[in-house]
Amino acid sequence: MADWTVICERCGAEARLDSAGWRCPRCGAAWTLRSPDRLDPAHLGPAERTLWRYEQVLPVPRSAAVSLGEGMTPLIPGKLSGRPVWFKLDFLLPTGSFKDRGAAVLVSHFRRLGYQRLVVDSSGNAAAALAAYCAAAGLACHVFAPAATSPTKLAQASAYGAQVTLVEGSREQVAAAAQHAAAADPAAAYASHNWHPVFVEGTKTWLIEVWEQLGGRFPPACFLPVGGGSLLLGAWRACQALPSPYPKLVAAQPLACAPIVEALERGDTDVPPVTPSSTLAEGARIAAPPRGRQALGAVRGSGGWAEAIPEGLLLDTLRQLWRQGLYVEPTAALGAAAFRQALERGRPMPESEVVIVLTGSGLKTGDLALE
């Protein structure tokens, strides 16, 4: 733990991970982690099949882990647009989304530091994941969500025992309410999946698993949904833990809210906020991703690119996945839609199979299937 430090992405300020807040106190930008982050496959425990098998590159030891059995989700062959691909089934994690990876490590981190209550701002999968792991850890959980959130989306978090508070206003106002509540309670921590670097350390395990499942190699490219960016940043952290060559990371966002796509197209260093419109991919409707600068660095550093997905293609891709037995929610179909769109545009594709991450279960949005 002593070797893990955080560094501000903007001003370069440094702090110990176990004493740092959720963002840089000097300039307000997001933290990045600096750590002994090289994985030695020879030291992987064969009996451990959860993400905690990668303990050597996680900021929490296995002995302090809060676990619901998360990790080592299936990697299965499939087809899209007539091309063979691999699907990484992270929608099969305990609460039905990839957010369980980050939640397991972040909740374990905060419990180890002695916090009794975690405060979360989310209207969907992150709320459910953090509420579940708080329940497993014996911690209280307080979820702040937009007032317009469908009650069915928050039912899962409530079922785990979380207190839910609805906030009128923008997504940014919801986050501000959560931050204020956490700051007012010495026993509470702001457990933001969009801000805290430890959450990303959990999400990096999906690509380390893929590396193992493919026999100790990376695929040539990975297509993945991007909203706040933790899945993407986790992938880039996984690359830093293992030998190259690395996969091209392709960020998929809905056309209705694609700040990272637009920033990449302009050659920006930061990601300016956008004005989002409605989209089926609600989980990626993040107008101002807090770690946008890091997300741009991950895409560029991997040699990847980004795709903005129109609603018609998203819906058609969702149906195609369902017809293959892959019952996912709309946001989870973004990566698959990006692969199809890239093919249609004639972008050169690797000859070997790429990996497409499926992030959230369709059981969370059953009303859409009925419609």
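Whatever comes next refers back to the structure up there.
Residues numbered from 1 in each chain as written. Predicted model: local features only at pLDDT ≥ 70, side-chain atom pairs only at ≥ 80, totals over all residues. Heavy atoms only, no water.

**Student:** So what's going on with the pattern of salt bridges? Residues and values would help.
**Tutor:** In the structure shown here, the tally under the stated rule is 18 salt bridges. R16 is the partner of D18 in a salt bridge, and the nearest nitrogen-oxygen pair spans 2.6 Å. The partner of E209 in a salt bridge is R101, with the nearest N and O atoms 2.8 Å apart. In this pair, E209 is assigned in helix α6 (residues 205–213) and R101 in helix α1 (residues 99–112), connecting sequence segments 108 residues apart. Taken together, the shared-partner salt bridges in this structure form one network comprising K88, D90, R101 and E209. (Salt bridge = Lys/Arg side-chain N within 4 Å of Asp/Glu carboxyl O. Helix = DSSP H or I, 4+ residues; strand = E, 2+ residues; numbered from the N terminus.)

**Student:** Before we move on, could you go through the sheet that holds strand β5 (residues 83–89) and cite the residues and values that matter?
**Tutor:** Two pairing modes exist for strands in a sheet, parallel and antiparallel, and in both the strands are linked by backbone hydrogen bonds. The mixed open sheet is built from 6 strands, whose spatial order is β4-β5-β13-β10-β11-β12. Whereas interior strands pair on both sides, the edge strands pair on one side only; in this sheet they are β4 (75–80) and β12 (305–309). Within the sheet, the average angular offset between the axes of one strand and its neighbour, ignoring direction, is 30 degrees. Sheet strands in contact with helix α8 (residues 259–266) are β11 (248–254) and β12, and its direction is about 130 degrees off that of β12. Set on the sheet, helix α10 (residues 311–322) makes contact with β4, β5, β11, β12 and β13 (355–358); between it and β12 the angle comes to about 95 degrees. (Pairing = 2+ DSSP bridges. Axes fitted to C-alpha atoms, helices over the stretch in contact; angles between N-to-C directions. Contact = heavy atoms within 4.5 Å.)

**Student:** Please give an account of unusual backbone geometry that cites residues and values.
**Tutor:** Only a minority of non-glycine residues have a phi that is not negative, and only a minority of peptide bonds are not trans. Look at the link from S244 to P245: it is a cis peptide, with omega at 10 degrees. Here P245 lies in the loop between α7 (230–241) and β11. For M72, which is not a glycine, the phi torsion comes out positive at approximately 50 degrees. Within the secondary structure, M72 sits in the loop between β3 (31–34) and β4. Phi is positive for S81, close to 50 degrees, though the residue is something other than glycine.

**Student:** How would you sum up the packing of aromatic side chains? Please name residues and give values.
**Tutor:** Geometrically, a pair of aromatic rings is defined through the distance of the ring centres and the angle of the planes. According to the stated counting rule, one finds 8 aromatic pairs in the structure shown. For the pair F223 and F339, a centre-to-centre distance of 5.4 Å together with 85 degrees between the ring planes defines the contact as edge-to-face. You can see F223 sitting in strand β10 (residues 221–225) and its partner F339 sitting in helix α11 (residues 334–344), a full 116 residues away along the chain. Summarising the burial analysis for this pair, F223 and F339 share the class buried. Both rings, one in W322 and one in Y327, keep their centres 5.5 Å apart while their planes meet at 55 degrees; by these two values the pair is tilted. These aromatic residues form a ring-pair network of at least three members: W22, Y190 and W195. It is R23 that lies over the ring of W195; its NZ or CZ is 5.7 Å from the centre. (Phe/Tyr/Trp six-rings, centres within 6.5 Å; stacked < 30°, edge-to-face > 60°. Buried < 20%, exposed > 50% of the residue type's maximum accessible area, 1.4 Å probe, protein only. Lys NZ or Arg CZ within 6 Å of the ring centre and 35° of its normal.)

All quantities given are derived from atomic positions and should not be read as evidence of function.
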